[in-house]
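Structure at a glance
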Amino acid sequence: MNQQELRTYRRRATTRESGYHTCEETTGGECLILHSEELTTDKETMVFTFNRSNIKLTELFEEGFSIIAFGGYIHSKYKAEISLSLDYCYEGQGYSFGYDWNEFIVNENSWKNIGCHTKQIINMDDNIIDATVKMKITSQKGNVLNFISFDFNSIDKEEFLDMSCAESFKQKTMMHVPYLYYLETEKSITDYLIENYSFTEGKRVIMKSCNRCGRYLPINIDDEMKTLSFSLHCKKNAPCNHSTFRAYAIKNKEELISEDLKDLIIEENKVISYYGHQLECKACKKFFVNAPLNPQRNPQQFKEDGLRRRAIEVLVNHLLGRNLVHFEFEKKTKKEFSKYIWEKFNKRCFKCGKDSDELPFNKMALDHTMPLAYLYRLDETATCLCASHNAQKSDHFPVDYYTEDELVELSKITGLKIEKLKSRDVNEVVLDLLVKNVVWFYDEFLMIDDYQKVRDGILTADKINDSLKRVIKGKVDLAEEYKKITGHYPTSVTII
């Protein structure tokens with residue numbers, strides 16, 4: 001490369017060995033090449049009914065309950081909406097308990113991981129139940145669906161028996177299905193399916209090993225940026241040159257035909273990934289890597305992300321020539337902005353519907369609706385959420401978090417057009433202003449004393465700059481724009 005690149009900020013040093021022991025059978029560098037099961041729909045709405053009896057329950061987290069779970073991976077040729085419901089009853093009893101779950105959206109020609117679970121209180125003699133999951137898929141007639149790694153069972157992972165993973169399990173759970181459940185990953189979609197649908201051999205799927213739990217889980221080798229079960233290793237600095245993370249030895253090579261290897265990069269009997277993947281799956285990363293490390297973080301490290309977000313908020317408002325919305329709104333209306341949004345949403349969390357009894361004014365969270373990370377200012381189009389759903393929404397675009405019906409309702413409440421809520425692009429108005437003011441950005445804004453401090457090996461200005469690079473990648477290179485004007489690279493950030 002003849003262009004210099006702004007360095008991604010350095011990670012803090014690890015302060016202790018993380019997690020549990022790695023798996024002795026897998027290293028994270030193996031894979032299986034399997035085929036999904038394919039079905040062409042003959043109607044707009046297809047219902048799949050899965051039934052299990054004699055499910056043995058296991059008490060989890062020393063809290064007197066078990067968890068029944070269902071999940072897997074679906075690929076859809078056309079955009080599809082999926083809803084899941086779970087009903088169960090005790091053996092021999094005439095009543096049942098029903099749970100409906102949020103819908104999942106599968107975008108056109110995309111894979112999607114889906115799942116649901118419910119807690120069940122355990123009594124001494126209540127260890128066997130009968131359970132049914134209904135999966136409704138709505139799309140256009142003639143859609144081609146592919147299914148892989150579906151299972152339906154109770155969770156019995158050994159590390160979930162005590163309290164060590166309890167808090168982590170409760171955090172952003174629905175963002176981590178189905179791999180979070182630690183169910184089997186090589187079962188057939190038909191194992192518990194009641195309907196007699198006619199499946200054929202479907203898409204080739206690369207199942208990569210996890211070096212901690214030993215499972216083989218699907219990766220999206222044909223569209224790696226849309227990750228499934230493993231996070232990417234070199235997302236920002238591809239192609240990945242780390243052999244441990246990029247090359248996966250094919251364990252079932254003898255069973256394959258040449259068509260199975262078509263369009264794959266193969267080196268020495270290994271499938272090569274462009275970006276590379278982490279050795280541990282997302283679930284093991286959540287429970288056994290991140291969770292053990294988080295207690296080691298000092299208060300300064302916890303403040304880093306908050307400082308970066310505040311800096312982006314200040315930057316966006318400055319470029320637009322605006323004040324923070326709270327000051328502007330109060331000056332204009334003599335009303336408190338946060339309370340206005342809370343009342344606008346009928347004093348409820350827009351996602352889960354918690355009302356004022358569960359979500360008092362002082363517990364509400366203001367969400368940007370269109371994400372701050374993509375240069376959208378907090379304004380009167382903000383959304384009222386509870387703390388957990390605000391954390392879950394994070395920097396997601398509305399279209400990637402809400403159902404179709406929720407998007408329609410959100411448009412009515414916020415006044416944002418449905419087309420805007422369904423978009424996934426950076427705020428072009430602010431980006432244009434940033435490019436026009438790029439010298440000020442590097443020479444004045446990022447030179448603010450607080451942004452020039454190094455916190456645990458990370459220059460705050462690097463972190464702010466890196467977050468901007470990530471969202472505008474492919475549109476403009478700010479450092480290059482700066483160099484065009486000044487003849488040199490900025491000194492307020494780290495250059496390699």
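Residues numbered from 1 in each chain as written. Predicted model: local features only at pLDDT ≥ 70, side-chain atom pairs only at ≥ 80, totals over all residues. Heavy atoms only, no water.

What about empty space enclosed by the protein?
As enumerated under the stated definition, the model contains five cavities of 30 Å³ or more in all. In this structure, the largest cavity spans a volume of roughly 70 Å³. What lines the largest cavity is simply Gly71, Tyr73, Ser149, Asp151, Pro178, Tyr179, Leu183, Glu184, Thr185, Arg215 and Leu217. For the lining of the largest cavity, the secondary structure elements donating two or more residues are strand E3 (65-76) and strand E9 (144-154). The class makeup of the residues in the lining of the largest cavity is five nonpolar, three polar and three charged. (1 Å grid on protein atoms, 1.4 Å probe; cavity = no way out; pocket = protein on both sides within 12 Å on 5 of 7 lines; lining within 4 Å. Points joined across faces, edges and corners; volume = space filled by probe spheres on them. Helix = DSSP H or I, 4+ residues; strand = E, 2+ residues; numbered from the N terminus. Nonpolar A, V, L, I, M, F, W, Y, C, P; charged D, E, K, R; others polar.)

Details of the pairing of strand E11 (residues 216-219)
Covered by surrounding structure in E11 are Tyr216 and Pro218 together with Leu217 and Ile219, the residues of both alternating faces. Where strand E10 (residues 200-209) and E11 come together, four bridges link them in antiparallel fashion. Opposite Ile206, over in E11, you have Ile219 as the bridge partner. In textbook terms, the turn of a hairpin is the stretch between consecutive antiparallel strands, and for E10 and E11 this stretch comprises six residues, one of which, Gly214, has a positive phi near 85°. (Buried < 20%, exposed > 50% of the residue type's maximum accessible area, 1.4 Å probe, protein only. Pairing = 2+ DSSP bridges.)

Side note on the confidence of the model for the chain
Overall, the prediction assigns the chain a mean pLDDT of 85, with 87% of residues at 70 or greater. The lowest-confidence element of the chain is strand E5 (residues 97-100), averaging 63 in pLDDT; the highest-confidence one is strand E1 (residues 30-40), averaging 97. Low confidence marks residues 1-21, where pLDDT is under 50. Its contacts with residues over four positions away, or in another chain, come to 51 contacts. (pLDDT = per-residue confidence, 0-100. Contact = heavy atoms within 4.5 Å.)

Quick word on the nonpolar core
Phe48, Met135 and Phe147 are the most contacted members of the largest nonpolar core, which has 72 residues in total. Here this core takes seven residues from E3, the largest share from any one element. Excluding anything up to four places from it in sequence, Met135 contacts Met46, Val47, Phe48, Phe50, Phe70, Ile74, Ile82, Ser83, Leu84, Ile114, Phe147 and Phe150. (Core = buried A, V, L, I, M, F, W, Y, C linked by side-chain atoms within 4.5 Å.)

Overview of the pairing of E10
On a regular strand, one side chain projects to one face of the sheet and the next to the other, so that they alternate. In terms of burial, E10 is largely enclosed, as seven of its 10 residues are buried. As judged from the seven bridges shared by E1 and E10, these two strands associate in the antiparallel manner. If you follow Cys31 over to E10, its bridge partner there is Lys208.

A short note on the environment of Ser394
Locating Ser394 in the fold gives a position in the loop between helix H7 (387-393) and helix H8 (404-414). Sequence-wise, Ser394 and Pro371 are 23 residues apart; in three dimensions their C-alpha atoms are separated by 7.7 Å.

A closer look at the packing of helix H5 (residues 325-333) against helix H6 (residues 337-344)
The angle between the axes and the distance between the axes are what describe a pair of packed helices. Taken N-terminus to C-terminus, the directions of H5 and H6 make an angle of 85°; their axes are 8 Å apart at the nearest point. For the element pair H5 / H6, the angle class is roughly perpendicular. Of the residues in H6, those touching H5 at Val325, His326 and Phe329 are Phe337, Ser338 and Tyr340. Residue classes in the contact of H5 with H6 are distributed as four nonpolar, two polar and no charged. (Axes fitted to C-alpha atoms, helices over the stretch in contact; angles between N-to-C directions. Parallel < 35°, antiparallel > 145°, perpendicular 65-115°, else oblique.)

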